[in-house]
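Residues per chain, in single letters:
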Amino acid sequence: MDTRDTLLHATLKLLDEEGEAHFSTRKICAIANVTAPTLYHHYGNADGLLSAAIAEAFAQFLQSKKAAVQSADPVMALREGWDDYVRFAAARPRLYAVMMSRVLDGADIPAAEQAFALLIARIEAVAAEGRLGPTVEEAADLMWASANAASQLHVTARLRKVAPPTSTVLKRIREDALRSILNAGKEGLAT
């Protein structure tokens, strides 16, 4: 692994384990076993490194979504995509929080846009079968909001002094969102 990648991986490790509040160039240099001038040579400044790490995190997320086997049934594929999204946040809650913070700050992250485009494509497939109730845009908002709400339960579990959400709670959030976008009688909902 070259020095640039070493710094990037050190940043992702720190963000995964400690979150953005504990990010510092001094810590990253210690983890990567390099000097500060080396970090600045490769990334310009701390924000350049942090931005590159967030872009890499989104690229990893997108790669995992693209690599996942997708059901031929569009509702099941939508369900699987939702589960993949929430699983990522559950496995990497601190990193997920940093990623969403960058999105809220208006960062231009092509991989994030591509991941959202996958959601739109899955919803369009449901619509093509005549199974969608609202517009594609409204359905995307509802599915996106429900996945992010479920993900926030993982992110905020420590704050709320509770265990992460159970699979029952997550399934209920997902299925309620699906029920809200699917035509009655054609849902194919899980029991």
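Note: the structure precedes this text.
A few points on the structure. (Residues numbered from 1 in each chain as written. Predicted model: local features only at pLDDT ≥ 70, side-chain atom pairs only at ≥ 80, totals over all residues. Heavy atoms only, no water.)

### Some words on helix α4 (residues 46-67)
Its 22 residues place the ends of α4 31 Å apart at the C-alpha level, agreeing with the 32 Å of an ideal helix rising 1.5 Å per residue. Against α1 (3-18), α2 (25-32), α3 (36-43), α5 (74-91), α6 (93-104) and α7 (110-128) lie the buried residues of α4. In this structure Asn45 caps α4, since a side-chain oxygen of it lies 3.1 Å from the backbone nitrogen of Asp47. (Helix = DSSP H or I, 4+ residues; strand = E, 2+ residues; numbered from the N terminus. Expected span 1.5 Å × (residues − 1). Contact = heavy atoms within 4.5 Å. Polar contact = N/O pair within 3.5 Å; in protein donor to acceptor, adjacent residues only side chain to side chain.)

### Thoughts on the packing of α1 against α3
Their axes nearest at 10 Å, the elements α1 and α3 cross at an angle of 100°. Here α1 is positioned roughly perpendicular relative to α3, judged by the angle of their axes. Contacts between α1 and α3 pair Thr3, Arg4, Leu7 and Leu8 from the former with Thr38, Leu39, His42 and Tyr43 from the latter. (Axes fitted to C-alpha atoms, helices over the stretch in contact; angles between N-to-C directions. Parallel < 35°, antiparallel > 145°, perpendicular 65-115°, else oblique.)

### Quick look at the nonpolar core
Counting 51 residues, the largest nonpolar core has Ile123 and Met143 as the members making the most contacts within it. In terms of residue count, α4 provides more of this core than any other element does, eight residues in total. Excluding residues that lie within four positions of it along the chain, Met143 makes contacts with Leu78, Trp82, Leu119, Ile123, Ala177, Leu178 and Ile181. (Core = buried A, V, L, I, M, F, W, Y, C linked by side-chain atoms within 4.5 Å. Buried < 20%, exposed > 50% of the residue type's maximum accessible area, 1.4 Å probe, protein only.)

### Some words on unusual backbone geometry
If you check the backbone angles, Asn33 has positive phi at about 60° while not being a glycine. Position of Asn33 relative to the elements: it lies in the loop between α2 and α3. Of the residues examined, Asn33 reaches a relative accessible area of 70% and is grouped as exposed. In this structure, Lys161 is a non-glycine residue whose phi angle is positive, near 55°.

### Focus: the packing of aromatic side chains
Ring pairs (aromatic) are described by centroid distance and by the angle formed between their planes. Counted by the stated rule, this structure contains five aromatic pairs. Taking 5.1 Å as the distance between ring centres and 65° as the angle between the ring planes, the aromatic pair formed by Phe61 and Phe88 counts as edge-to-face. Of this pair, Phe61 sits in helix α4 while Phe88 is found in helix α5, placing the two residues 27 residues apart along the sequence. When sorted by exposure, Phe61 lands in the same class as Phe88, which is buried. In this structure an aromatic cluster arises from ring pairing among Phe61, Tyr85, Phe88, Tyr96, Phe116 and Trp144. (Phe/Tyr/Trp six-rings, centres within 6.5 Å; stacked < 30°, edge-to-face > 60°.)

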